[in-house]
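These are the residues of each chain, in order.
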Amino acid sequence: MNHPPSKPARRPTNASPSPVTFPSDLIVEVLSLLDVKSVMRMRCVSKFCNSLYTDHIFVKLHFNRSLQEPHLALVTTDYDTFRIVPYSVSNLLENPPITLADDPCYVIDNYFYPLDLVHQVIGSCNGLICLLSYSDIDSFFWLSFWNPSTRAMSKQLGFNFGLLNDPTSFKFSFGYDNSTNSYKVVMLKFHSDKLMIVEAKVFSVADNVWREIQNFPAVPFQMIEFRHQVNNGVYLNGTLNWLAIFDFKVTYVEVVISLDLGTETYKQIHLPPSFDEKPYVDPTISVLMNYLCFSYHFQDTHFVIWKMVEFGVEESWTQFLKISYERLHIHPYSMGPLVPFYLSKNGETLILANILQDQMILYNLRDNRAVRTRITNKISWFSVKSYVKSMASIC
Amino acid sequence: MAEEVSSQMNSLSISETNPSSSATISLVSGDDIVFKVEPTIAKEMETVQSFIDETDGKITTIPLPNISSHDLPYVIEYCEKSIAGKITKEFEAEFVKKLNNEEVKELFLAANYLNIKKLLDFLSQVIADRIANKSVEYVRRYFGIENDFTPEEEAKLREELAWTFTGVDPDDEDEN
């Protein structure tokens, strides 16, 4: 990276009287330390600076050096407008009363045409949000990728016609394959008449095609419980993970099925040993502080979260939270699944959402106090994804 | 500013008369000022150290044509602190407080030339912080980058990125 400045630098210029011309590698060093908005503005400096925007090495360097402050992509659907509004987690933790600004730059669609088009947030990865848009009347769908930090929306990708006759029988998940540096979307197809057969297809952004892979080796939870949108497959370090039921008809064992996005092979991970009863409310999996977490409803009195300290090693499941419903001010019978979304860096505050309530819960682990967020907009909390700012783009 | 530098140079010229100076390294700035430093300081400067190693330590006078006598004392000061393990946030803040943007830039290039990783990383961050809210024109001047867009290309890009132009500091020529 470091060369003596005597190396041929960029062409000298008449327009700039500066006697010193910077080697381009030093310019890259400095730009990689700027926030996303500033890097975007600096694209106007020269063609070289503009080219960094699509330079994968620069995008990675910038991402690794960024503060990686967590944000939430809040999904709101008011009247006829589908919006995704970025919101910083640190701001949310302060819990001020919030009404999200009606900024047109966050409008994804106004539903002018076609009228039956539906958008769904599939997932987030490396600062990119993956969206599914479909029409169940005309039976087509496509994917698009939005970066809320650069405000760049990809073109429509993975367009498919005829496949999506019943949108409830499809589940999509989004992740990144580190081995080929490609974003991938996995589609699971469920047949209502053949419960045990779950077909899987992978869309790789790099080659822009849908490919069939080996059938999913179990029945994903979300296929049985349709409202259970939260288990759309959680992404963690090059893998997508679903809570699923193995041996559906006979022993009904709940497991985690993990798909390695590089090898496109599945692996089965058993749940914590003490989880042996079928709870009243469905369990969920999530990623908190880069750990795969498994949470469930315990004896109608507590909400329990386990984390897998070493990914893939079943012996490393560790119970790390047990919160009484009393503390959360919720009655266990009046709620759907509770989903942990985010654990603050200092481990102090857990953000949870409840499927039947339109609010997020901020739970302080130090003083065991729960408060509700004070956002006045109607948010689809189950479509909310956390992300960190990045320059990532899919053109 | 000028007084500070000259006082530093005085203190350095005193060390020249130190009798135990046989092992010291002489760094010669681009404007022919000699700075005598301990070999441990030279070790911090990879470019200097590799020059010494190549000549088996026989040559102890090293010309640094790309570095001025204005910048070299700062580099030496930073290296001294680094060896002493006294690089703290407070020291760094104080170190750059007295430097304007042009001086930081020259020191950055000096750190790059001498290959002092720690100083280079630190100054990259200082420059990034100082230009983050600057205009496109300022950054072009600062880095000496030619605008190679056609007016049409630039206008189109600026329109597309109009949202990034909010909160930009007005250019202040005095800073140069």
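Fair warning: this is a prediction, and the values are worked out from it, not measured in the lab. (Residues numbered from 1 in each chain as written. Chains lettered and ligands numbered in written order. Predicted model: local features only at pLDDT ≥ 70, side-chain atom pairs only at ≥ 80, totals over all residues. Heavy atoms only, no water.)

Draft legend 1. How the structure looks around the overall build of chain B. In terms of regular secondary structure, chain B is built from nine helices and three strands. Listed N to C, the secondary structure of chain B is α-β-β-α-α-β-α-α-α-α-α-α in terms of helices and strands. For chain B, buried positions account for 44% of its 176 residues. For chain B, the proportion of contacts with a sequence separation of at least 24, taken over those separated by at least 6, is 62%. In the structure as shown, chain B presents an accessible area of about 8900 Å², 52% of it carried by carbon and sulfur atoms. (Helix = DSSP H or I, 4+ residues; strand = E, 2+ residues; numbered from the N terminus. Buried < 20%, exposed > 50% of the residue type's maximum accessible area, 1.4 Å probe, protein only. Contact = heavy atoms within 4.5 Å. Areas by Shrake-Rupley, 256 points an atom, 1.4 Å probe, with all protein chains shown as cover.)

Draft legend 2. Molecular detail of the domain arrangement of chain B. All names here are of chain B. Once the domains are mapped, chain B shows domain 1 (2-131) and domain 2 (136-166). On the domain 2 side, the residues contacting the six residues of domain 1 number five residues. Among the residues domain 1 hides against domain 2, the three largest losses belong to Asn101, Lys105 and Ile131. Together they make up 76% of the total. Along the contact surface separating domain 1 from domain 2 lie three residue pairs in polar contact (both at pLDDT 80 or more). Among the secondary structure elements, those contributing two or more residues to the side of domain 1 that touches domain 2 are helix H6 (101-114) and helix H7 (117-131). Broken down by element, the side of domain 1 that touches domain 2 gets its largest block of residues, four residues, from H6. (Domains from an automatic or database assignment. Buried area = accessible area lost by both parts, 1.4 Å probe. Polar contact = N/O pair within 3.5 Å; in protein donor to acceptor, adjacent residues only side chain to side chain.)

Draft legend 3. Layout of the domain arrangement of chain A. Residues and elements named next belong to chain A. Taken as a whole, chain A is organised into domain 1 (24-64) and domain 2 (67-388). At the interface, six residues of domain 1 touch eight residues of domain 2. Both faces combined, the contact of domain 1 with domain 2 buries some 530 Å², and carbon together with sulfur accounts for 60% of it. Its largest share of buried area at the contact with domain 2, domain 1 owes to Val36, Lys60 and Phe63, together 70% of the area lost on that side. Across the domain 1-domain 2 interface, the total number found is zero salt bridges. No other element matches helix H4 (residues 56-65), which puts three residues into the side of domain 1 that touches domain 2. When its residues are assigned to classes, the side of domain 1 that touches domain 2 shows four nonpolar, one polar and one charged. (Salt bridge = Lys/Arg side-chain N within 4 Å of Asp/Glu carboxyl O. Nonpolar A, V, L, I, M, F, W, Y, C, P; charged D, E, K, R; others polar.)

Draft legend 4. Main features of the sheet that holds strand E2 (residues 34-37) of chain B. All names here are of chain B. Here we have three strands laid out as an open sheet, ordered E2-E1-E3, and mixed in their pairing. Only two strands of the sheet have a single neighbouring strand rather than two, namely E2 and strand E3 (61-64). The mean angle between the axes of side-by-side strands here comes to 25°, regardless of whether they run parallel or antiparallel. With four bridges connecting them, strand E1 (residues 25-29) and E3 associate as parallel partners. Residue pairing across strands places Leu27 opposite Ile62, the latter belonging to E3. Here helix H4 (residues 72-83) sits on the sheet in contact with E1, E2 and E3, set at roughly 5° to E2. (Pairing = 2+ DSSP bridges. Axes fitted to C-alpha atoms, helices over the stretch in contact; angles between N-to-C directions.)

Draft legend 5. The environment of A:Met391, seen in detail. Within the element layout of this structure, A:Met391 appears in the segment after strand E26 (385-388). For A:Met391, the contacting residues outside a window of four places in its chain are A:Val36, A:Val39, A:Met40, A:Tyr53, A:Val59, A:His62, A:Asn147 and A:Thr150.

Draft legend 6. Representation of the interface of chain A and chain B. At the interface, 35 residues of chain A touch 41 residues of chain B. Regarding the contact of chain A and chain B, the summed buried area is about 3600 Å², with carbon and sulfur atoms giving 66% of it. Of all residues in chain A, A:Phe22, A:Arg41 and A:Cys44 bury the most surface against chain B, accounting for 19% of the area lost on that side. Counting across the chain A and chain B interface gives two salt bridges. We note a salt bridge from B:Glu160 to A:Arg43, for which the minimum N-O separation is 3.9 Å. Linking chain A with chain B are nine residue pairs in polar contact (both at pLDDT 80 or more). Looking at the side of chain A that touches chain B, the elements with two or more residues in it are helix H1 (24-31), helix H2 (36-42) and helix H3 (47-51) of chain A.

Draft legend 7. Representation of the environment of B:Glu159. Examined against the element boundaries, B:Glu159 turns out to sit in helix H9 (residues 151-160). Spatially, the C-alpha atom of B:Glu159 lies 37 Å from that of B:Ala93, the residues being 66 residues apart in sequence.

Draft legend 8. Expanded view of helix H3 (residues 46-54) of chain B. Residue and element names in this part refer to chain B. Within H3, burial applies to Val48, Gln49 and Ile52. Angularly, the buried residues of H3 cover 95° about the axis, an arc narrow enough to put them on a single face. Of the surrounding elements, those touching the buried residues of H3 are E1, helix H2 (39-44), E3 and H6. Taken from the residues just after H3, Asp56 is the one with a positive phi, measuring 55°. (Arc of directions from axis to C-beta.)

Draft legend 9. Representation of the packing of aromatic side chains within the structure. This model, assessed by the stated rule, comprises 25 aromatic pairs over all chains. Ring geometry for A:Tyr176 and A:Tyr183: centres 4.6 Å apart, planes at 55°, overall tilted. A cation over a ring is seen here: A:Arg43 above A:Tyr53, with NZ or CZ 3.9 Å from the ring centre. Across from the ring centre of B:Tyr142, 4.8 Å away, lies the NZ or CZ of B:Lys105, which sits over that ring. (Phe/Tyr/Trp six-rings, centres within 6.5 Å; stacked < 30°, edge-to-face > 60°. Lys NZ or Arg CZ within 6 Å of the ring centre and 35° of its normal.)

Draft legend 10. A look at the UniProt feature "domain: F-box" (unreviewed entry) in chain A. Listed under "domain: F-box" (unreviewed entry) in the UniProt record, and renumbered for this structure, are residues 22-62 of chain A. When the span residues 22-62 of chain A is considered, its composition is 66% helix and 0% strand, and the gap between its end C-alpha atoms is 19 Å. (UniProt positions renumbered as here; feature names shortened; annotations may be inferred.)

Draft legend 11. Examining the sheet that holds E26(A) more closely. Residue and element names in this part refer to chain A. Spatial strand order, E3-E2-E1-E26: four strands in an open sheet with antiparallel pairing. Edge positions in the sheet fall to strand E3 (107-109) and E26, since each of these pairs with one other strand and no more. Along the sheet, successive strands turn relative to each other by an average axial angle of 35°, direction set aside. Two elements, strand E2 (residues 81-88) and E3, share two bridges in a ladder whose sense is antiparallel. Its bridge partner being in E3, Phe82 is matched across the sheet by Asp109.

Draft legend 12. Layout of the state of the cysteines. All names here are of chain A. For the coordinates displayed, the defined rule picks out zero disulfides over all chains. With no disulfide of its own, Cys49 lies 9.9 Å from the sulfur of Cys44, the closest cysteine sulfur. Classification of Cys49 by relative accessible area gives buried; the value is 4%. (Disulfide = S-S within 2.5 Å.)

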